Amino acid sequence: MTTDLHYQGAAPGRRILLALFQLLMIVYALLIFYPLFNMIVSSLKSTREIFQKPFGLPHHLLLENYKVVWVERGFSRYFLNSLLVTFSAMLFVVLLGSMAAYGVSRYNYRLRTAIYMLFLSGIMLPLKAAVIPLFMLIKQLGLMDTQLAIILIFLAMGLPSTVFILSGFMKAIPKDLEYAARIDGCNDWMIYRRVVMPVTTPAIALVTIYNAVPLWNDFFFPLVFLQSDRLKTLPVGLASFFGQHSTNWSLLFTGLSIAIIPMLGLYLFMSRYFIRGMTAGAIK
């Protein structure tokens, strides 16, 4: 069953309902967009002007705020650190998570349910609850104050949800595709790479956005496990704009405006696949 949202041929009462629905969506979009717009506008003001006219447009565009943040405050280093950590973690999350989901969904063996439930337990139990044992483990491994420690933690954070989402998609792939690939001479690795992964592209986009955004914005684990300023990520670097007695709000808004660019670009790039993954199976 599909819903017709077109005016053409609709009854007058239905047109009124469609107009109200579209008006509601426009208001909702403005409520979402305006804080983002105000943040970018505030990044072009001075702190004094932000307090004087918090909702007004700037009299003079202070583009040097971006230069101060990026060069003088070392924001470029924090930005590259976050890119490195998030990209590396997501690469292994998608690779290992898809392999684990393939093994859970496409093979029949005795411990399949137990392994699947083990991954699901990672969703139910927050990793922050085990921060003390995790701290002791990272210290014993000699990984304190290294980016590898954050990458491994982010990998553990992203794997459970990745396996849960991808296994559901992979279970829906017809067995006939796998049988046809085996007749053509494909082994298990070739079936995974050439048959299963292309079919699950919408799900890959879904898990990428679902995991990349919280990993990019994570403040807790980089704060605990990274002490060197040269290794800090964006959320930790943004905390340096908060002073003990005062806060430079113009530079803070500038840093936030820079920080949203990668995730905004990722969503715009993968939005088509993301929406397809969210709605897969909703319409028959």
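Residues numbered from 1 in each chain as written. Predicted model: local features only at pLDDT ≥ 70, side-chain atom pairs only at ≥ 80, totals over all residues. Heavy atoms only, no water.

A. Region of the structure containing the overall build of the protein chain. A count of helical and extended segments in the protein chain gives 13 helices and zero strands. Beginning at the N terminus, the succession of helices and strands in the protein chain can be written as α-α-α-α-α-α-α-α-α-α-α-α-α. Relative to the compact-globule value of 19 Å for 284 residues, the protein chain shows a C-alpha radius of gyration of 24 Å, a clear excess of over 25%. On the principal axes, the C-alpha backbone points of the protein chain span a range of 70 × 70 × 35 Å. A buried classification covers 39% of the 284 residues belonging to the protein chain. (Helix = DSSP H or I, 4+ residues; strand = E, 2+ residues; numbered from the N terminus. Rg over C-alpha atoms; globule rule 2.2 N^0.38 Å. Buried < 20%, exposed > 50% of the residue type's maximum accessible area, 1.4 Å probe, protein only.)

B. Summary view of the packing of helix 4 (residues 75-106) against helix 7 (residues 147-171). Packing of helix 4 against helix 7 leaves a shortest axis separation of 6 Å and a crossing angle of 35°. Crossing of helix 4 over helix 7 shows right-handed handedness. A class-by-class count of the residues in the contact of helix 4 with helix 7 yields 17 nonpolar, nine polar and two charged. (Axes fitted to C-alpha atoms, helices over the stretch in contact; angles between N-to-C directions. Left-handed = near helix turned anticlockwise from the far one by under 90°. Nonpolar A, V, L, I, M, F, W, Y, C, P; charged D, E, K, R; others polar.)

C. Here's a closer look at the nonpolar core. Formed by 51 residues in total, the largest nonpolar core has its most connected members in F75, L166, M170, I191, F225, L234 and F241. Secondary structure elements with two or more residues in this core: helix 4, helix 6 (131-140), helix 7, helix 9 (188-199), helix 10 (201-217), helix 11 (220-225), helix 12 (234-238) and helix 13 (249-279). (Core = buried A, V, L, I, M, F, W, Y, C linked by side-chain atoms within 4.5 Å.)

D. Looking closely at the packing of helix 9 against helix 10. Running from N to C, helix 9 and helix 10 point in directions that differ by 65°, and their axes come no closer than 4 Å. Relative to helix 10, the element helix 9 is oriented roughly perpendicular. In this structure, helix 9 uses M197, P198 and V199 to contact helix 10, whose residues at the interface are T201, P202 and I204. A per-class count over the contact of helix 9 with helix 10 returns five nonpolar, one polar and no charged. (Parallel < 35°, antiparallel > 145°, perpendicular 65-115°, else oblique. Contact = heavy atoms within 4.5 Å.)

E. Just helix 6, in detail. Listed in full, the buried residues belonging to helix 6 are V131, L134 and I138. Down the axis of helix 6, the buried side of the element spans an arc of 60°, and every buried residue falls inside it. In helix 6, those exposed residues whose orientation departs by more than 90 degrees from the buried face are I132, K139 and Q140. Elements in contact with the buried residues of helix 6: helix 7 and helix 11. Looking one or two residues beyond helix 6, the residue adopting positive phi is G142, at roughly 75°. (Arc of directions from axis to C-beta.)

F. Representation of the environment of T162. Assignment of secondary structure puts T162 in helix 7. Separated by 77 residues in the primary sequence, T162 and V85 place their C-alpha atoms 18 Å from one another. With residues near it in sequence (within four places) discarded, T162 still touches V93, G97, V207 and N211.

G. Structural context of the packing of aromatic side chains. Scanning all chains against the criterion turns up 12 aromatic pairs. Plain terms: the ring middles of F33 and F37 are 6.1 Å apart, the flat faces sit at 25° to each other, and that makes the pair stacked. Here the residue F33 and the residue F37 both occupy positions in helix 1 (residues 12-42), the gap between them amounting to four residues, near one helical turn. Judged by relative accessible area, which is 37%, F37 ranks as partly exposed. Their ring planes at 35° and their centres at 5.4 Å tell us that W189 and Y192 sit as a pair that is tilted. (Phe/Tyr/Trp six-rings, centres within 6.5 Å; stacked < 30°, edge-to-face > 60°.)

H. Broad picture of the pattern of salt bridges. Using the criterion set out here, one finds six salt bridges in the structure. Between D229 and R77 there is a salt bridge, with its nearest N and O atoms 2.8 Å apart. A residue pair is termed long-range when its members are at least 10 positions apart, and D229 in the loop between helix 11 and helix 12 and R77 in helix 4 qualify at 152 residues. Take D229: its relative accessible area is 35%, and that puts it in the partly exposed class. Look at R77 and you get partly exposed, because its relative accessible area is 32%. Between D218 and K128 there is a salt bridge, and its shortest N-O distance comes to 3.8 Å. One end of the pair, D218, is in the loop between helix 10 and helix 11; the other, K128, is in the loop between helix 5 (112-124) and helix 6, and 90 residues separate them in sequence. The exposure class assigned to D218 is buried, which follows from its relative accessible area of 7%. If you follow the salt bridges from partner to partner, you end up with R106, E178, R182 and D188 in one network. (Salt bridge = Lys/Arg side-chain N within 4 Å of Asp/Glu carboxyl O.)

I. Quick peek at a nonpolar patch on the surface. Nonpolar side chains collect at one region of the surface, where F87, L91, F92, L95, L96, M99 and W189 lie side by side and expose about 680 Å² of accessible area between them. Top element by residues in the nonpolar patch is helix 4. It accounts for six residues. Structurally, the position occupied by M99 is in helix 4. (Patch = residues over 30% accessible without salt bridge, like charges linked within 9 Å, V, L, I, M, F, W, Y side chains within 5 Å. Areas by Shrake-Rupley, 256 points an atom, 1.4 Å probe, with all protein chains shown as cover.)

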